Amino acid sequence: MWDIQLLLMNAYVLYKTAHLLIWHKDKNTIMSQYKFCKSIVLSWLDSKIDQKQKKDDASVVTTDNSMGSSNKARRINDASLVPLLGAL
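Numbering of residues begins from 1 in every chain and follows the order in which that chain's sequence is written. Residue-level local features of this predicted model are given only where pLDDT is at least 70; pairs of side-chain atoms are given and counted only at 80 or more, and the full residue set underlies all totals for whole chains, interfaces and linings. Derived side-chain values reflect all non-hydrogen atoms in the structure, with water molecules and hydrogen atoms excluded from consideration.

**So, the overall build of the protein chain**
Strands here mean DSSP runs of E at least two residues long; helices mean DSSP runs of H or I at least four residues long; both are numbered from the N terminus. A tally of helices and strands in the protein chain yields two helices and zero strands. The classification of residues rests on relative accessible area computed with a 1.4 Å probe and restricted to protein chains. Under 20% of the type maximum is buried, over 50% is exposed, and intermediate values are partly exposed. The 88 residues of the protein chain split such that 10% are buried. Residues count as neighbours in contact if any of their non-hydrogen atoms are within 4.5 Å of one another. Put simply, of all contacts in the protein chain between residues at least 6 apart along the chain, 19% involve residues at least 24 apart. Using a 1.4 Å probe, accessible areas were evaluated by the Shrake-Rupley method; residue-level cover was limited to the displayed protein chains. Accessible surface for the protein chain amounts to roughly 7,900 Å². Of this, 62% is attributable to carbon and sulfur atoms.

**Comments concerning the nonpolar core**
Nonpolar cores were defined as sets of buried Ala, Val, Leu, Ile, Met, Phe, Trp, Tyr and Cys residues, with membership established by side-chain atoms within 4.5 Å. Counting residues in hydrophobic clusters, the biggest one holds six residues: Leu-8, Tyr-12, Tyr-15, Ile-30, Phe-36 and Cys-37. Residue assignment for this core shows that the elements contributing at least two residues are α1 (2–22) and α2 (33–67). Per-element tally for this core: the top contributor is α1, with three residues. Those residues in contact with Tyr-12 that lie beyond four places of it in its chain are Met-31, Ser-32, Gln-33 and Phe-36.

**Considering the layout of surface pockets**
Of the pockets and cavities examined, the second largest pocket occupies roughly 220 Å³. Detection works on a 1 Å grid of protein atoms alone, calling trapped sets that fit a 1.4 Å probe cavities and calling open sets with protein on both sides within 12 Å along at least five of seven lines pockets, with lining residues defined by an atom within 4 Å of a point. Around the second largest pocket, the lining residues are Met-1, Ile-4, Gln-5, Leu-7, Leu-8, Ile-40, Val-41 and Trp-44. Contributions of two or more residues to the lining of the second largest pocket are made by α1 and α2. When residues are grouped by polarity, Ala, Val, Leu, Ile, Met, Phe, Trp, Tyr, Cys and Pro land in nonpolar, Asp, Glu, Lys and Arg in charged, and all others, Gly among them, in polar. Taken together, the residues that form the lining of the second largest pocket break down as seven nonpolar, one polar and no charged. Grid points are joined across faces, edges and corners, and a volume is the space filled by probe spheres set on the points.

In structure tokens, the structure reads:
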């Protein structure tokens, strides 16, 4: 786990150095270390969720094709489960 933290710290140092010394940005426009790490982790989690959804969608499609049915059911996702606005 420490290796990921070390990579995040090195990435932040590079981010801050590049903005201050190379691009001459104002100190107030640079993200704090906490916000920097939070944005990277949230981006990483979003990509993992997207990959999982694509995998789940692919398994649904292969299951439907193996049945040989031309009538497919509507896909159910989080938006369709909303009580007031959902499709169900």
